[in-house]
Amino acid sequence: MPKIVAVIGASNNRQKFGNRAVRAFTQQGYTVLPINPHEREIEGLKAYGSVLDVPGPIDMVSFYVPPTIGERVIEEVARKRIPEVWLNPGAESDALVARARALSIQPIVACSIIAIGQDPYDL
């Protein structure tokens, strides 16, 4: 069953990985929730300011923001009880991983686009 995935740092700039991820997950049949407090819509999908603004559960979250922002957002992810957390290249830091673990989150530090069988550079 396709998962509901929140993309933290989703973007309308098609060159950015926060946009490529939205398109990759959509192409793979996921329900995609773009998270960006500065956008209303991304790739035709309603954007949310925070995972806490999303009604209902979220199965996984994929981070495309700098670690300093991630350290704030991870608190919201913990409050929302999102079970699967991906920190993509450039979004991870030792401090963020430590904070996640302190919140009982075991983050996966890897490229989530490649993990679902897509080449981010082909999107």
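Predicted, not measured: the structure shown is a model, and the values here were computed from it. (Residues numbered from 1 in each chain as written. Predicted model: local features only at pLDDT ≥ 70, side-chain atom pairs only at ≥ 80, totals over all residues. Heavy atoms only, no water.)

J.: What is the right way to read the packing of aromatic side chains from this model?
T.: Each aromatic ring pair is summarised here by two numbers: the centre-to-centre distance and the angle between the ring planes. Evaluated as defined, the whole model comprises two aromatic pairs. Between Phe17 and Tyr121, the ring centres sit 5.6 Å apart and the planes meet at 85°, which makes this aromatic pair edge-to-face. Here Phe17 is found in helix α1 (residues 17-27), whereas its partner Tyr121 is found in the segment after α4 (112-115), with 104 residues between them in sequence. Here the aromatic rings of Phe25 and Tyr30 are separated by 4.9 Å at their centres, their planes lie at 80°, and the arrangement is edge-to-face. The exposure class of Phe25 is buried, given its relative accessible area of 0%. Positioned above the aromatic ring of Phe17, the side-chain terminus of Arg20 is 5.4 Å from the ring centre. Looking at Lys46, its charged tip hangs above the ring of Tyr48, at a distance of 4.9 Å from the centre. (Phe/Tyr/Trp six-rings, centres within 6.5 Å; stacked < 30°, edge-to-face > 60°. Helix = DSSP H or I, 4+ residues; strand = E, 2+ residues; numbered from the N terminus. Buried < 20%, exposed > 50% of the residue type's maximum accessible area, 1.4 Å probe, protein only. Lys NZ or Arg CZ within 6 Å of the ring centre and 35° of its normal.)

J.: What is the right way to look at the pattern of salt bridges in this model?
T.: Two side chains that carry opposite charge are able to pair once their charged atoms sit near each other. Taken as a whole and judged by the stated rule, the model has three salt bridges. Between Glu75 and Arg99 there is a salt bridge, and its shortest N-O distance comes to 2.5 Å. Of the two residues, Glu75 sits in helix α2 (residues 67-80) while Arg99 sits in helix α3 (residues 94-102), which places them 24 residues apart along the sequence. Residue Glu75 is classed as partly exposed on the basis of its relative accessible area, which comes to 30%. On the accessibility criterion, Arg99 (31% relative accessible area) is partly exposed. (Salt bridge = Lys/Arg side-chain N within 4 Å of Asp/Glu carboxyl O.)

J.: What's the story with α3 in this structure? I'm lost.
T.: Helical geometry note: an α-helix holds 3.6 residues per turn, so side chains three or four residues apart project in the same direction. Where α3 is concerned, the buried positions are Leu96, Val97 and Ala100. End-on, the buried residues of α3 take up no more than an arc of 100°, which puts them together on one face. Opposite its buried face, α3 presents the exposed residues Asp94 and Ala102, each directed more than 90 degrees away. The secondary structure elements touched by the buried residues of α3 are α2, β6 (84-87) and β7 (108-109). Directly beyond the C-terminal end of α3, a positive phi value near 65° is found at Ser104. (Arc of directions from axis to C-beta. Contact = heavy atoms within 4.5 Å.)

J.: Please clarify how the side chain of Asn88 should be interpreted in this entry.
T.: Structurally, Asn88 is set in the loop between β6 and α3. Contact partners of Asn88, with chain neighbours within four places excluded, come to Ser62, Phe63, Tyr64, Ala110, Cys111 and Ser112.

J.: Mind showing me how you'd approach the pairing of strand β5 (residues 60-63) here?
T.: Two faces belong to every sheet, and in a regular strand the side chains alternate between them. Burial of the side chains of β5 extends over both faces: Met60 and Ser62 are buried on one face and Val61 and Phe63 on the other. Alignment of strand β1 (residues 4-8) against β5, held across four bridges, turns out to be parallel. Bridging from a neighbouring strand, Ile8 pairs with Phe63 of β5. In this sheet, β6 lies alongside β5 in parallel orientation, the contact comprising four bridges. Note on β6: the bridge partner recorded for Phe63 is Leu87. Between the parallel elements β5 and β6, the chain passes through α2 in a crossover that is right-handed. (Pairing = 2+ DSSP bridges. Right-handed = clockwise from strand over helix to strand, strands pointing away.)

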